[in-house]
Amino acid sequence: MALFKWVMDRFIYIVVISLLLMAGYTMYVFNEGKIDTETAKVYFQALTALATLALLFYAYSNVASKREEDAARLELAVRPILVWELESEKGRTRLVYHSLKHPIYDFRVNVRLGNKAFAVSERHIDVSDDKNMDEHFRDLTDFMKGALGSAKQGKVELFFTYHSEVGGKYEADFSKEVVAGKSGMQFQHRKFVSAKYPWKEQKIIFDDDVD
């Protein structure tokens, strides 16, 4: 991957140097009398065609790259910040979430514990701030108890997907350890597993735990 990126970054220079070398070699063998005039013309026409195609590809790549940069700037300008937490209070468990700075659209989270899954979805989550906390929550008490069963602890996995107001798709995977106690579920050792942002082609994998 690193070699491919290095080649693509220097693509036009590599092509120009290669064509110049081939043109020089063609002139050399022509002067040596190893090819006739018509053959030399055919070679130069082929080199010209290759140079034209290379320039067109380079121009297309620059336009595509510029379009991606513009899309990235637009997304970063309206990027929503998802804030969430698993809370346990008075024997009840709930998933609390809200958005900062910018609204969220087509929000969905799949919660997994053992072989059980629970899905939450909302079409629109408005912006929250210190004065106007537009907080959303879902009660997960029955799901957690049923999924954990007789076990004392387990790992909860949360898979978030949502869109910005300009349509960019965001993905984030988290996990948290859950321990069943007398007063309810206790959650600890939060881990950011991976994230996918609309301005990056590859998913980012995180290795370090975040408490």
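The coordinates are above.
Note on numbering: residues in each chain are counted from 1, in written sequence order. In keeping with the predicted nature of the model, local features appear solely for residues at pLDDT of at least 70, side-chain atom pairs appear and are counted solely at 80 or more, and the whole-chain, interface and lining totals rest on all residues. Calculation of side-chain values draws on the structure's entire complement of heavy atoms; hydrogens and water are dropped beforehand.

### Describing the overall build of the chain
Step number 1: Of regular secondary structure, the chain possesses four helices and 10 strands.
Step number 2: Sequence-ordered secondary structure for the chain, helices as α and strands as β, is α-α-α-β-β-β-β-β-β-α-β-β-β-β.
Step number 3: Residue burial is assigned from relative accessible area. The probe radius is 1.4 Å, only protein chains are included, and a residue is buried under 20% of its type maximum, exposed over 50%, and partly exposed in between. Classification of the 211 residues of the chain by burial places 29% in the buried group.
Step number 4: Residue contacts are counted whenever heavy atoms from the two residues lie within 4.5 Å of one another. Of the contacts made within the chain by residues no fewer than 6 positions apart, 51% connect residues no fewer than 24 positions apart. Numbering of helices and strands runs from the N terminus; a helix is a DSSP stretch of H or I covering at least four residues, while a strand is a stretch of E covering at least two.

### Description of the sheet that holds strand β8 (residues 169-181)
Step number 1: The sheet built from six strands is open, its strands ordered β4-β3-β7-β8-β9-β10 with antiparallel pairing. Taken across any chain shown, the strands that pair with only one partner, and hence form the sheet edges, are β4 (116-125) and β10 (204-205).
Step number 2: Contacting β3 (104-113), β4, β7 (153-163), β8 and β9 (184-196), helix α4 (residues 141-148) crosses the sheet at an angle of about 30° to β3. The pairing criterion is simple: DSSP has to find at least two bridges between the two strands. Working convention: axes come from line fits to C-alpha atoms, limited for helices to the stretch in contact. Angles between N-to-C directions cover 0 to 180 degrees.

### Considerations on the packing of aromatic side chains
Step number 1: Pairing of aromatic side chains here covers Phe, Tyr and the six-membered ring of Trp, requires ring centres within 6.5 Å, and sorts the geometry by plane angle: under 30 degrees stacked, over 60 edge-to-face, intermediate tilted. Following the criterion strictly, the structure yields 12 aromatic pairs and no others.
Step number 2: Judged by centre distance (6.1 Å) and plane angle (45°), the ring pair of F107 and F160 falls under tilted. Placement of F107 in strand β3 and of F160 in strand β7 is noted, with a sequence separation of 53 residues between them. Neither F107 nor F160 differs from the other in exposure class; each is buried.
Step number 3: For the pair Y170 and Y197, a centre-to-centre distance of 6.3 Å together with 75° between the ring planes defines the contact as edge-to-face.

### Notes on the pattern of salt bridges
Step number 1: Within this document, salt bridges are pairs made up of a side-chain nitrogen of Lys or Arg and a carboxyl oxygen of Asp or Glu, the two lying within 4 Å of each other. Applying the stated criterion to the full structure yields six salt bridges.
Step number 2: Between E85 and R190 there is a salt bridge, with its nearest N and O atoms 3.6 Å apart. Of this pair, E85 sits in strand β1 (residues 81-89) while R190 sits in strand β9; the two residues are 105 residues apart in sequence, bridging distant segments of the chain.
Step number 3: Across the salt bridge formed by E87 and R94, the nearest N and O atoms sit 3.3 Å from each other.
Step number 4: Look at R94 and you get partly exposed, because its relative accessible area is 26%.
Step number 5: One salt-bridge network, held together by shared partners, links E85, K176 and R190.

### Considering a nonpolar patch on the surface
Step number 1: A cluster of nonpolar residues, M22, L50, L53 and L56, forms a patch on the protein surface that exposes about 400 Å² of accessible area.
Step number 2: Element by element, the count of residues in the nonpolar patch is highest for helix α3 (residues 37-77), at three residues.
Step number 3: For L50, the location among the structural elements is in helix α3.
Step number 4: Judged by its relative accessible area of 46%, L50 falls in the partly exposed class. Each patch is built from residues lacking any salt bridge and having more than 30% relative accessible area; the joining distance is 9 Å for like charges and 5 Å for nonpolar side chains (Val, Leu, Ile, Met, Phe, Trp, Tyr). Here the Shrake-Rupley method, with its probe set to 1.4 Å, supplies the accessible areas, and only the displayed protein chains count as covering residues.

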